Amino acid sequence: PKEIFRTDYQPLPYKVTNISMNFDIQDGYTIVTSDLTIVSNPDASSTTMEDLIFDGEAEALTLLSIEMNEKELQSGIDYKVEGDALIVPHQLLSSNNGSMVLTTRVKIIPETNTQLSGLYKSGSMYCTQCEAMGFRRITYYPDRPDNMAIFDKVRIEANKELYPVLLGNGNKIEEGKVDENGRHFAIWSDPFPKPSYLFCIVAGNLGSVSSTYTTRPSGRTVHLEVFSEHENVSKLDHALTSLKKSMMWDEDTFGLEYDLDVYNIVAVNDFNMGAMENKGLNVFNTALTLADPKSATDSDYERIESVVGHEYFHNWTGNRVTCRDWFQLTLKEGLTVYRDQEFSGDMMNSHAVKRIEDVNALRARQFAEDAGPMSHPIRPESYISMDNFYTATVYEKGAEVIRMYRTLLGKDGFRKGMDLYFKRHDGNAVTCDDFLSAMADANEVDLSQFKLWYSTNGTPTVKYGTRYDEAAKKFYLTLSQESSSDTPLHIPVAVGLLDSVSGKEVVPTKVLELKEKEQTFEFPGLDGDVVPSVLRGFSAPVKLVGSSSDEEKDWAFLAANDSDGFNRWEAGQKLYTSLIFQTMKGAQSGSRTLEFVFEAFRRTLDLDSNDYSIQAYGLILPSESTLAEELDVVDPVALHKARGDVKKSIARQFYTEIRAKYDKLTAAMQGSGDGDIKLDATSIGQRRLRNVLLDYLCSVKDTPEEREVASQLAMNQFQASYGMTDRYAALSCLASMHGEASVETRRDTALQKFYDDAEGDALILNKWFTVQAVADLPDVLHRVKSLVEHPDFTLSNPNRCRSLISAFSMNAAHFHAEGGEGYKFLGEIVAQVDKLNPQMSSRMGGGLIQWRKYSEERGALMKEELHKLANMKPISPDLFEVVSRGLK
Ligand code: DPP
Ligand code: ZN
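Conventions we followed
- Residues numbered from 1 in each chain as written.
- Chains lettered and ligands numbered in written order.
- Predicted model: local features only at pLDDT ≥ 70, side-chain atom pairs only at ≥ 80, totals over all residues.
- Helix = DSSP H or I, 4+ residues; strand = E, 2+ residues; numbered from the N terminus.
- Rg over C-alpha atoms; globule rule 2.2 N^0.38 Å.
- Buried ≥ 20, exposed ≤ 12 C-beta atoms within 10 Å, placed from the backbone.
- Contact = placed C-beta atoms within 7 Å.
- Axes fitted to C-alpha atoms, helices over the stretch in contact; angles between N-to-C directions.
- Parallel < 35°, antiparallel > 145°, perpendicular 65-115°, else oblique.
- Left-handed = near helix turned anticlockwise from the far one by under 90°.
- Nonpolar A, V, L, I, M, F, W, Y, C, P; charged D, E, K, R; others polar.
- Near = placed C-beta within 6 Å.
- Pairing = 2+ DSSP bridges.
- Domains from an automatic or database assignment.
- pLDDT = per-residue confidence, 0-100.
- Expected span 1.5 Å × (residues − 1).
- Core = buried A, V, L, I, M, F, W, Y, C linked by C-beta atoms within 7 Å.
- UniProt positions renumbered as here; feature names shortened; annotations may be inferred.

1. Concerning the overall build of the protein chain
Scanning the protein chain from terminus to terminus reveals 26 helices and 31 strands. In summary, the protein chain has a C-alpha radius of gyration of 28 Å against a globular reference of 29 Å for 888 residues, a match within 12%. Counting only C-alpha atoms, the protein chain reaches 85 × 70 × 60 Å along its principal axes. Of all 888 residues assigned to the protein chain, the portion counted as buried reaches 50%. Sequence separation of at least 24 residues holds for 69% of the intrachain contacts in the protein chain that already meet a minimum separation of 6.

The structure is reproduced here in structure tokens:
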């Protein structure tokens, strides 16, 4: 497979300015006709002598005919097909005064397209996925984002009874009957130039909910419609409401308005990603669309809202202004993730809660990626398969980089930069450098050093040291940095100072700009020593290291006093982390750390505010994956045990109080009645807190009596709950119970009931698989293996596959169990999936590449599986890239 490099970019010598297409959907195959208007590209440096090259995946396309200006071309004479390219000699264009219409007719087979890229069939509907390079599986085309063309007419023809709904990008301009054989057609036209990756059509027997939204800047009435298979129509309202909120938010926050008369969303059950922002016709994974309280958790609701926002926000950051080449992916993704994070924070009415969730995710996923063999800058330098670079780094770290602009330039400065960016680049395919220039020019600042964030991989470290000069009444904060960059990065470090006695804030948040290897900042006029609160709100994606002689004391102090919600939470996390690591090393109980942890936990537990989510997050111990990031070599079994032991000792210490609080919340929530599940922040927070408490209570299960109490408690909640949030939380506790027959009967009864009540609902079944895959039972691998044989399991549906296999590979203590059985299991599944869906297999294969993080024995066993995959023939380029990087 060929590696592509960022620095090799060349503009296209020729361009498609306009395209019209016809899709003749027949049972078993589809004929695609494309008319491409082609001109020489004035932007290209060396043009006229280069042949025209059209991308087309040989394996997916059968070329039936090709015409130029309606004259048939001869294979071998007028054109040739070589591998994945259709090549037309440049003379054809020059002999036509630099402009011509090329018509191709190809046959494709959506019915056997298991890669879910290009046109494929999901259940009874046809749909497309073209990002990044799926359009070349539909037709021959310069399939790269810098070819922005007008899709004049896209005609879709199919059987009317089977596929009554025919959708395309833009506006529907015509529809009607074709003949007496029951076929019909629709023609869609999109007035905005777009790259091929934003192309989409859908044909199916779909139900929908609809509404209208009137934009405020210019009063345009937009028809909004969300489609799904008929049986799911009752679960579409939340997505529709989220869409309206997104439209309103983008007008309020960035002055950005929607630009077409229609906005359609289609929910699809077989989908590689979360969702796709095709112009005017988003396609969504059902898991990120369908919601009712009985099947979706609160987190599902929140994710749906944020992803609907994300795809909507792409209309400006991605579609109107797109990427010049795929190396620039973070230009649209980092920016759009930043936008959806801010949107969600506003909708939840708590940016601290949102920040805690986002930083947790960043540390658990992106930090690990950046420390492993797939480490890359947010703007990668090379790829074999672009699909492998839809990563936490490009998305989440990319969003952190955007957030740093906002932190450095302020709210108004950032908005000025955004305005200039759209003013300069609307309708164009541009680069990350263009974005940076717009930010710099709009604010008349020099951001040349900031540029390094685009080319530096790995997580930088920021260290700080402090000194208080009593005589001068000055406090000195020394910051230093380390990263993989040769020269220092430009890092915004938000700092506040608290009086070391009273805990009162004496210096409010100030953004320090760390631009050198080491810098000392002075704070004058301080009457007494202070405790600094550094990197407030996680102002940069770095690891922060203090140098205080008594760090734990400072954390305890900050956990009690910091006015910054994020850092208060963070201080508590540091204390928990410290105790877990000490426990892992076999430290004695009754240590001072334990006292600090108990004190912080008690304070949080005792809080009597309405901010239940903050309270809940303050009580949760750092995840095993976040903890693993702090260790050079991880023993997942020991880590799991240490974290579990700490959880248990907290639970035992506060058992009575936790139980009292749990009961109090239960009583408060009972008023809401069956089915009447409220989704406001307070209700969500109450459920979140209560389920954290349940988890603590259920961790106490060392004796038969304790197991009886714990399983009974979880069972009671399971039986009393109507909504998925509480039901699933209770089931999670039950799923990890074993011992006495009565305990196991409760567990198995609940699992069976959950399965039966699902009545085949795909999303609920996914949860049923997941809850068993992540359970903490000694024979979990054996259980997962039997679930692979379950009639409801299939490797060809990505959601189902993730719900069992990927979930299990996240169950670290069991996946990494000694002997390597977990690795072997994953390796074998990855090999099978690679034959069906390379995007899926390469993602799943990522579970094996972090072998350097583990002991030599574990590492060797993981590598053994990687070698087996590397030697597999054939292997997809996607999986090859991940595996070979993993073995390097
Ligand atoms: N562009 C999509 C998204 O991030 C991913 N395919 O929303
Ligand atoms: Zn996106």
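2. Remarks on the packing of helix H15 (residues 681-699) against helix H17 (residues 724-735)
For the pair H15 and H17, interaxial distance at closest approach is 10 Å and the crossing angle is 15°. With respect to H17, the element H15 is oriented roughly parallel. Between H15 and H17 the crossing geometry is right-handed. Here H15 contributes Arg687, Asn691, Leu694, Asp695 and Cys698 to the contact with H17, which in turn contributes Thr725, Asp726, Ala729, Ala730 and Cys733. Classifying every residue of the contact of H15 with H17 by side-chain character gives 5 nonpolar, 2 polar and 3 charged.

3. Side note on the site of ligand 1
Around ligand 1, the surrounding shell consists of Glu131, Met273, Ala275, Met276, Glu277, His310, Glu311 and Glu333. Those elements that provide at least two residues to the shell around ligand 1 are strand S20 (275-276) and helix H3 (298-313). Class assignment for the residues of the shell around ligand 1 results in 3 nonpolar, 1 polar and 4 charged.

4. Examining the pairing of strand S29 (residues 518-523)
With 0 of 6 residues buried, S29 lies mostly on the surface of the structure. By the bridge criterion, 6 bridges tie strand S26 (residues 474-482) to S29 in an arrangement that is antiparallel. The partner of Tyr476 across the bridge, within S29, is Glu522.

5. So, the pairing of strand S3 (residues 29-40)
Alternating positions in S3 separate cleanly, Thr30, Val32, Ser34, Leu36, Ile38 and Ser40 being buried on one face and Tyr29, Ile31, Thr33, Asp35, Thr37 and Val39 remaining unburied on the opposite face. In this structure, strand S2 (residues 14-26) lies alongside S3, joined through 12 bridges in antiparallel fashion. In the strand pairing of S3, Lys15 is matched with Val39. Pairing analysis gives 10 bridges linking S3 to strand S9 (residues 99-108), with the strands arranged antiparallel. Bridged to Thr30 within S9 is Ile108.

6. Considering the sheet that holds strand S13 (residues 165-168)
Spatially, 4 strands are ordered S10-S11-S16-S13 in an open sheet, and the strand pairing comes out antiparallel. The open sheet is flanked by strand S10 (118-122) and S13, the only strands paired with a single partner. Each neighbouring strand pair of the sheet contributes to a mean axis angle of 20°, computed without reference to strand direction. Relative to strand S16 (residues 201-204), S13 is paired through 4 bridges, and the arrangement is antiparallel. Bridging from a neighbouring strand, Gly168 pairs with Ile201 of S16.

7. Considering the domain arrangement of the protein chain
Domain boundaries in the protein chain define domain 1 (4-313), domain 2 (328-454), domain 3 (463-540) and domain 4 (761-888). Put simply, the middle of domain 1 and the middle of domain 4, counted by C-alpha atoms, are 32 Å apart. Taken together, the contact pairs 13 residues of domain 1 with 13 residues of domain 4. Its residues placed into classes, the side of domain 1 that touches domain 4 shows 4 nonpolar, 8 polar and 1 charged.

8. Overview of the confidence of the model for the protein chain
For the protein chain, the average pLDDT comes to 97, and 99% of its residues sit at 70 or higher. This prediction of the complex comes with two scores: 0.98 for pTM and 0.98 for ipTM.

9. Re helix H13 (residues 636-653)
Between its terminal C-alpha atoms H13 stretches 26 Å, which fits the 26 Å expected from 18 residues at 1.5 Å a residue. Where H13 is concerned, the buried positions are Pro636, Leu639, Ala642, Arg643, Val646, Ile650 and Ala651. The inward-facing, buried residues of H13 contact helix H9 (565-584), helix H10 (592-606), helix H12 (624-628), helix H14 (655-670), H15 and helix H22 (812-815).

10. As for the sheet that holds S29
Where strands meet in a sheet, backbone hydrogen bonds hold them as pairs that are either parallel or antiparallel. The strand order S29-S26-S25-S31 describes an open sheet built from 4 strands, whose pairing is mixed. Strands at the two margins of the open sheet, each flanked by one partner only, are S29 and strand S31 (543-545). Averaged over all pairs of adjacent strands, the angle between their axes in this sheet comes to 25°, without regard to strand direction. As paired strands, strand S25 (residues 461-469) and S31 are joined by 3 bridges and run parallel to one another. Residue pairing for S31: Val462 is matched across the bridge by Leu544.

11. Brief notes about the environment of Met100
Within the secondary structure, Met100 is located in strand S9. Looking at Met100, the number of C-beta atoms within 10 Å reads 19, which means it is partly exposed. Put simply, Met100 and Glu70 are 30 residues apart on the chain and 9.9 Å apart in space, counted from C-alpha to C-alpha. Those residues in contact with Met100 that lie beyond four places of it in its chain are Ile38, Met68, Asn69, Leu92 and Leu93.

12. Side note on the environment of Lys510
The topology assignment puts Lys510 in strand S28 (residues 505-514). What makes Lys510 partly exposed here is the crowd of 13 C-beta atoms within 10 Å. Along the primary structure Lys510 and Asp606 are separated by 96 residues, whereas in three dimensions their C-alpha atoms are 31 Å apart.

13. A closer look at the nonpolar core
In terms of nonpolar packing, the biggest core is built from 243 residues, with Val202, Ala203, Val266, Val493, Leu575 and Leu734 touching the most fellow members. Ranked by the residues each element gives to this core, the list is headed by helix H6 (residues 392-425), at 12 residues. Setting aside residues no more than four positions away along its own chain, Ala203 makes contact with Ile25, Met125, Tyr126, Ile156, Ala158, Tyr163 and Leu166.

14. Here's the deal with the packing of helix H23 (residues 821-836) against helix H24 (residues 838-845)
Contact geometry for H23 and H24: axes closest at 8 Å, N-to-C directions at 160°. Here H23 is positioned roughly antiparallel relative to H24, judged by the angle of their axes. H23 and H24 meet at a crossing whose hand is left-handed. Taking contact as the criterion, the partners of Leu826, Ile829, Val830, Val833 and Asp834 in H23 are, on H24, Pro838, Met840, Ser841, Met844 and Gly845. Its residues placed into classes, the contact of H23 with H24 shows 7 nonpolar, 2 polar and 1 charged.

15. Structural notes on the environment of Val743
By the element assignment, Val743 lies in helix H18 (residues 741-758). For the pair Val743 and Tyr421, spaced 322 residues apart in sequence, the C-alpha to C-alpha distance is 61 Å. Ignoring sequence-local partners within four residues, the contact set of Val743 consists of Arg707, Glu708, Ser711, Met737 and His738.

16. Considerations on the UniProt feature "domain: Peptidase M1 alanyl aminopeptidase Ig-like fold" (unreviewed entry) in the protein chain
Taking the numbering used here, the UniProt-annotated feature "domain: Peptidase M1 alanyl aminopeptidase Ig-like fold" (unreviewed entry) corresponds to residues 458-544. Taken end to end, residues 458-544 has its terminal C-alpha atoms 14 Å apart, with 0% of it in helix and 57% in strand.

17. As for unusual backbone geometry
In terms of backbone geometry, most residues other than glycine have negative phi values and most peptide bonds are trans. Between Glu131 and the following residue, Ala132, the backbone shows a cis peptide bond with an omega angle of -5°. Relative to the elements of secondary structure, Ala132 occurs in the loop between strand S11 (125-129) and strand S12 (149-159). The amide bond that connects Lys873 to the next residue, Pro874, takes the cis arrangement and shows omega of -5°. Tracing the backbone through its elements, the reader meets Pro874 in the loop between helix H25 (856-870) and helix H26 (877-887). A positive phi angle, close to 45°, is found at Glu759, a residue other than glycine. Mapped onto the fold, Glu759 is located in the loop between H18 and helix H19 (762-773).

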